[in-house]
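Each chain, letter by letter, is given below.
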Amino acid sequence: RKDLLSESSMLKPADAYGKSKAEAEKLIIDSGIDYVIFRMAVIYGPKFEGSFFKVFDSVKRGNAYIIGDGSNLLSLIHIRDVISAYMLAIQKNAHGIYNLSDGMSYTQLYLYNLAAKLLGVEMTPKHVGKFAAMLLARLKGFDTDELRFITSNRRIDTTKIRKELGFAPLVSINEGGSELVGMFLSSSSQKVQQ
C-alpha cells in the first residue's frame, strides 16, 4: 500500500503543473505573510462535473477502460467540504498547510464500479496499460490532468486538518456520487431533447 502523504511529506512534482504549485507554495511561505494553503484532493460536485461526466459517459456506453489493474488509490473531496474547510480556516484563524480530502482512498476500480452501480449499468472492466491509455484518452477527449488523476496512486493524511480545525467531511462518496450521476443523467436527457 502507498504511504500516507502528510503535510511534511517531501513534494515530488512530476510535471510542470505540479512544479508550479510547489514553487507558488514556496513563494507564499518565504514572503512572511500570514497564509493557509490547502493541498486538495480532486474536487467533485456542482461546477466540477466535466471530467466526471466523461467517465460516466464511457461507463454508460460500456466502453470504459481500467488503467492497469485498477488498484491504484485516488483521493477526492466534494465542493461542499472544500467550502466547509475554508469556513473553518477563517473561524479558527488558521495558519499553515493542510491536506484536504474526504479522508478516504478509493481504488480506480471501486470508483468505476460505483459509477456503474449509480448509473444502473453493468461494468465489464477492460484493462489497458498506461501507454494505450494515453492514446485512448486522446480519442475520448480526456486531457492530461484527467488522465493524471485516473492513474494517480496516493493516500492523503488528513489528521492535521481534523485535529486543528475540527474538519469532518459532510458528503460521502455515495451521496456525492449520486448527486453527480443525477446531474449527468439530467444533462444527457436535456441534450437528447434539444
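Check the entry above for the structure.
Residues numbered from 1 in each chain as written. Predicted model: local features only at pLDDT ≥ 70, side-chain atom pairs only at ≥ 80, totals over all residues. Heavy atoms only, no water.

### Brief notes about the nonpolar core
- Of all hydrophobic cores here, the largest spans 31 residues; its most connected members are Phe56, Val59, Leu76 and Tyr112.
- In this structure, Val59 is in contact with Ala64, Tyr112, Ala115, Ala116, Leu119, Val121 and Met123, ignoring residues within four places of it in sequence.
- Counting 16 residues, the second-largest nonpolar core is a separate cluster that includes Phe38, Ala41, Ala85 and Ala89. (Core = buried A, V, L, I, M, F, W, Y, C linked by side-chain atoms within 4.5 Å. Buried < 20%, exposed > 50% of the residue type's maximum accessible area, 1.4 Å probe, protein only. Contact = heavy atoms within 4.5 Å.)

### What about unusual backbone geometry?
- If you check the backbone angles, Lys47 has positive phi at about 75° while not being a glycine.
- Looking at the element boundaries, Lys47 is found in the loop between β3 (42-44) and α2 (50-61).
- Located in the positive-phi region is Asn93, a residue other than glycine, with phi close to 50°.
- Tracing the sequence through the fold places Asn93 in the loop between α3 (79-91) and β7 (96-100).
- Owing to a relative accessible area of 65%, Asn93 belongs among the exposed residues under this scheme. (Helix = DSSP H or I, 4+ residues; strand = E, 2+ residues; numbered from the N terminus.)

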